[in-house]
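Understanding the architecture of this molecule
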Amino acid sequence: MSQIETIKELQAKGLGPVAVAERLNLTRKTVSKYMATDGFQEKPNEQMEAQPSKLDPFKPLIQKWLEEDRKNRYK
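Residues numbered from 1 in each chain as written. Predicted model: local features only at pLDDT ≥ 70, side-chain atom pairs only at ≥ 80, totals over all residues. Heavy atoms only, no water.

1. Concerning the confidence of the model for the chain
Mean pLDDT over the chain stands at 85; residues scoring 70 or higher make up 84%. When mean pLDDT is compared element by element in the chain, helix α2 (residues 17–24) scores highest at 94, while helix α1 (residues 3–12) scores lowest at 91. (pLDDT = per-residue confidence, 0-100. Helix = DSSP H or I, 4+ residues; strand = E, 2+ residues; numbered from the N terminus.)

Spelled out as structure tokens, the structure:
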């Protein structure tokens, strides 16, 4: 059972956020946040969308360095 479902189940039994937080070893703030939601839908992680790497501008240079290093190692 997911943590959110457990929180909702304990809420339905009449437990408050402090009691639920103590039982599940969570912060009261976290429990209160999930108690305030209507459903169990988890929001997709917006950061998981493809974002360019901060290293993208430097990748050609890094590749060049690695290639030079490979050549120097096997001389």
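2. With respect to the pattern of salt bridges
For the structure shown, the criterion picks out three salt bridges. Ionic pairing is found between R70 and E67, a salt bridge with its closest N-O pair at 2.8 Å. Taken as a pair, R70 and E67 lie in helix α4 (residues 59–73) at a separation of three residues, close to a single helical turn. By relative accessible area, R70 is classed as partly exposed at 42%. For E67, a relative accessible area of 37% translates into the label partly exposed. Here D69 makes a salt bridge to R73, at a shortest N to O gap of 3.1 Å. Taken as a pair, D69 and R73 lie in helix α4 at a separation of four residues, close to a single helical turn. (Salt bridge = Lys/Arg side-chain N within 4 Å of Asp/Glu carboxyl O. Buried < 20%, exposed > 50% of the residue type's maximum accessible area, 1.4 Å probe, protein only.)

3. Quick look at α1
What α1 keeps buried is the set I4, T6, I7, K8 and L10. One or two residues past the end of α1 sits G14, with phi positive at roughly 100 degrees.

4. Topic: the environment of S32
Locating S32 in the fold gives a position in helix α3 (residues 28–35). As for S32 and P17, which are separated by 15 residues in sequence, their C-alpha atoms are 5.6 Å apart.

5. Side note on unusual backbone geometry
Unlike most non-glycine residues, N25 shows phi in positive territory, near 55 degrees. In this structure, N25 sits in the loop between α2 and α3.

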